[in-house]
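Now for the letters of each chain:
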Amino acid sequence: MTATIFALATAPGRSGVAVVRISGPGAAGALAALTPGKPLPRPREATLAALRHPVGGELLDRAMVLRFAAPRSFTGEDVVELHLHGGRAVVAGVVEVLASLPGLRIAEPGEFTRRAFENGKLDLTEAEAVADLVDAETAAQKRQALRQMEGMLGRLYDGWRERLTRALAHIEAAIDFPEEDLPGGVADAVRPVLETLAAGIRTHLDDGGRGERLREGLHIAIVGAPNAGKSSLLNALARREAAIVSSRAGTTRDVIEVHLDLGGYPVVLADTAGLREAAADEVEEEGIRRARDRAARADVKVAVFDATALPALDPATLALVDADTVVVLNKTDLAEPPAVTVAGHPAVALSARTGAGLATLEAVLTTFTADRLAGSGAPALTRARHRAALEECCEALLRALAAPLPELAAEDVRLASRALGRITGRVDVEDLLDVIFRDFCIGK
Ligand SMILES: Nc1nc2c(ncn2[C@@H]2O[C@H](COP(=O)(O)OP(=O)(O)OP(=O)(O)O)[C@@H](O)[C@H]2O)c(=O)[nH]1
Ligand SMILES: [K+]
Ligand SMILES: [Mg+2]
């Protein structure tokens, strides 16, 4: 029999209200055990109840309880929610009682959402969107997760899969009634369908990783010579002393990351070691190696030059300036800033110390970020898992188009369709589920 699971659904710690969710065939029984002698509340009707220890009757809390009857619940099972006073002792007391009831156990990470998937309440892309929504830190991340949760991505993939199913039916008909078609691979009627689909999937794949980056945040790396003021700039943008600042060249060694919200878009901003030939020791040398590595992997670079050193521009930093670089001229409180362009980029003049010019840099960075993360409104690919399956689908379609026999084409179209079905969980995904739901927190 299916176990009845329970978990704290709200964040652990003190809070106004803490919600313990119970799901499974024993959910209503668990509520009955906590409210001895009282009738069960009607489904979907918020009810105040005294929760008592089943043995001895000690009062555990006065709580609001909500009951959902299967299949009309988040998981599709019988569900009970206990809205407790959010104190640690209250929650611990209720959880202890629930754990002692036969047939009940604490839920594993993501198990509620997994049950919702298994009961057909959500497809896999929607389940993943639940995790993304809970993790969303910025407005754009939230919008993307909500769109995916409403099934936009799932519908796109299911729509493609339906077209493949119809194409497969045509190919199979041609195999069964060969006299109706010319010999060879895919029939002429089906060929354009597969070609259009392959092209559509290609376009969806070639989105520059927009959706995935929106989930993870755009990576911006601050680079420059030692003492250019990179750490000072990171701190100014983060509005906290995240990195150590000192007048000693070679202060920063490790890459230091802060998370920013730029105009609703998520950014991972990294401070790096100052670039120079003669590192003081092997620790700084390793720092510089990491700085270069981070610069190479960043979506956008901020190249910081020291205004007091003008007209000289540090050559190691200059060498990194490209189309994805924002050029900054720092310490303009010490040196009157001339209008400087670096490799064709107008430099943003600022002072990390006084904050002058910081708003301009933020505006420029927001534009750079929005350009790379804002979409056309079309649903974006959000996970490497989806990307891999779509690549597989595309390859199978190309093989089908090149197949010399309809039987071979049919097999490849079947494989293409399976690859799509795995994204939404319409086909054999048992092996995938542990991996997908492992990333959830307990109680989701
Ligand atoms: N006057 C002035 N001083 C600044 C400004 N920005 C940074 N400094 C000073 O320059 C020195 C170096 O600053 P850091 O932020 O540590 O420079 P960095 O580029 O991170 O240096 P490394 O980590 O060693 O590569 C410190 O003494 C800062 O106070 C600025 O805008 N104006
Ligand atoms: K320094
Ligand atoms: Mg530094």
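Thresholds, definitions, all that
- Residues numbered from 1 in each chain as written.
- Chains lettered and ligands numbered in written order.
- Predicted model: local features only at pLDDT ≥ 70, side-chain atom pairs only at ≥ 80, totals over all residues.
- Heavy atoms only, no water.
- Donors = N, O, S within 2.8 Å, 3.2 Å for Na, K, Ca; no water.
- Buried < 20%, exposed > 50% of the residue type's maximum accessible area, 1.4 Å probe, protein only.
- UniProt positions renumbered as here; feature names shortened; annotations may be inferred.
- Helix = DSSP H or I, 4+ residues; strand = E, 2+ residues; numbered from the N terminus.
- 1 Å grid on protein atoms, 1.4 Å probe; cavity = no way out; pocket = protein on both sides within 12 Å on 5 of 7 lines; lining within 4 Å.
- Points joined across faces, edges and corners; volume = space filled by probe spheres on them.
- Nonpolar A, V, L, I, M, F, W, Y, C, P; charged D, E, K, R; others polar.
- Pairing = 2+ DSSP bridges.
- Axes fitted to C-alpha atoms, helices over the stretch in contact; angles between N-to-C directions.
- Contact = heavy atoms within 4.5 Å.

**Focus: the coordination of the potassium ion (ligand 2)**
Metal coordination angles have textbook ideals: 109.5 degrees for a tetrahedral set of four donors and 90 or 180 degrees for an octahedral set of six.
Then step 1. Only N227 (OD1), S246 (O), R248 (O) and T251 (OG1) from the protein coordinate the potassium ion (ligand 2), and they sit 2.6 to 2.9 Å from it.
Then step 2. Spacing between the donor residues of the potassium ion (ligand 2) along their common chain follows N-x18-S-x1-R-x2-T.
Then step 3. The class for S246 is partly exposed, based on a relative accessible area of 34%.

**Thoughts on the UniProt feature "domain: TrmE-type G" (unreviewed entry) in the chain**
Then step 1. Annotation from UniProt places "domain: TrmE-type G" (unreviewed entry) at residues 217-370.
Then step 2. The straight-line gap between the two end C-alpha atoms of residues 217-370 is 11 Å; of that span, 27% is helix and 26% is strand.

**Comments concerning the coordination of the magnesium ion (ligand 3)**
Then step 1. Bound to the magnesium ion (ligand 3) on the protein side are S231 (OG) and T252 (OG1), at distances that span 2.0 Å.
Then step 2. The exposure class assigned to S231 is buried, which follows from its relative accessible area of 8%.

**Quick notes on empty space enclosed by the protein**
Then step 1. Counted by the stated rule, this structure contains one cavity of 30 Å³ or more.
Then step 2. Reported here for the largest cavity is a volume of approximately 60 Å³.
Then step 3. As for the largest cavity, its lining consists of Q144, R147, Q148, L153, A378, P379, A380 and T382.
Then step 4. Taken together, the residues of the lining of the largest cavity sort by class into four nonpolar, three polar and one charged.

**Some words on the sheet that holds strand β2 (residues 17-23)**
Then step 1. The mixed open sheet is built from six strands, whose spatial order is β3-β4-β5-β2-β1-β6. The open sheet is flanked by β3 (47-52) and β6 (104-106), the only strands paired with a single partner. For this sheet, the mean angle separating the axes of adjacent strands, direction not counted, is 30°.
Then step 2. Bridge count between β3 and strand β4 (residues 59-68): six bridges; the pairing is antiparallel. Each bridged residue has a counterpart across the sheet, and for R52 the counterpart in β4 is L59.
Then step 3. Strands β1 (4-8), β2, β3, β4, β5 (79-85) and β6 of the sheet are contacted by helix α1 (residues 27-34), whose axis makes an angle of about 40° with β5.
Then step 4. Contacts from helix α2 (residues 88-100) reach β1, β2, β3, β4, β5 and β6 within the one sheet, and its direction differs from that of β5 by about 150°.

**Things to note about the layout of surface pockets**
Then step 1. In this model, the largest pocket occupies a volume close to 540 Å³.
Then step 2. Along the wall of the largest pocket there are 29 residues; nearest its centre are G229, S232, V245, S246 and K331.
Then step 3. Per-element tally for the lining of the largest pocket: the top contributor is helix α9 (residues 230-238), with five residues.
Then step 4. A breakdown of the residues in the lining of the largest pocket according to their chemical character gives eight nonpolar, 15 polar and six charged.
Then step 5. Within this model, the second largest pocket holds a volume of roughly 320 Å³.
Then step 6. Lining of the second largest pocket is provided by 18 residues; of these, D135, E137, Q141, R215 and E216 occupy positions nearest its centre.
Then step 7. Looking at the lining of the second largest pocket, the elements that each hand over two or more residues are α4 (124-135), α5 (139-149), α8 (210-216), β8 (256-262) and β9 (265-271).
Then step 8. Residues belonging to the lining of the second largest pocket are distributed by class as follows: seven nonpolar, five polar and six charged.

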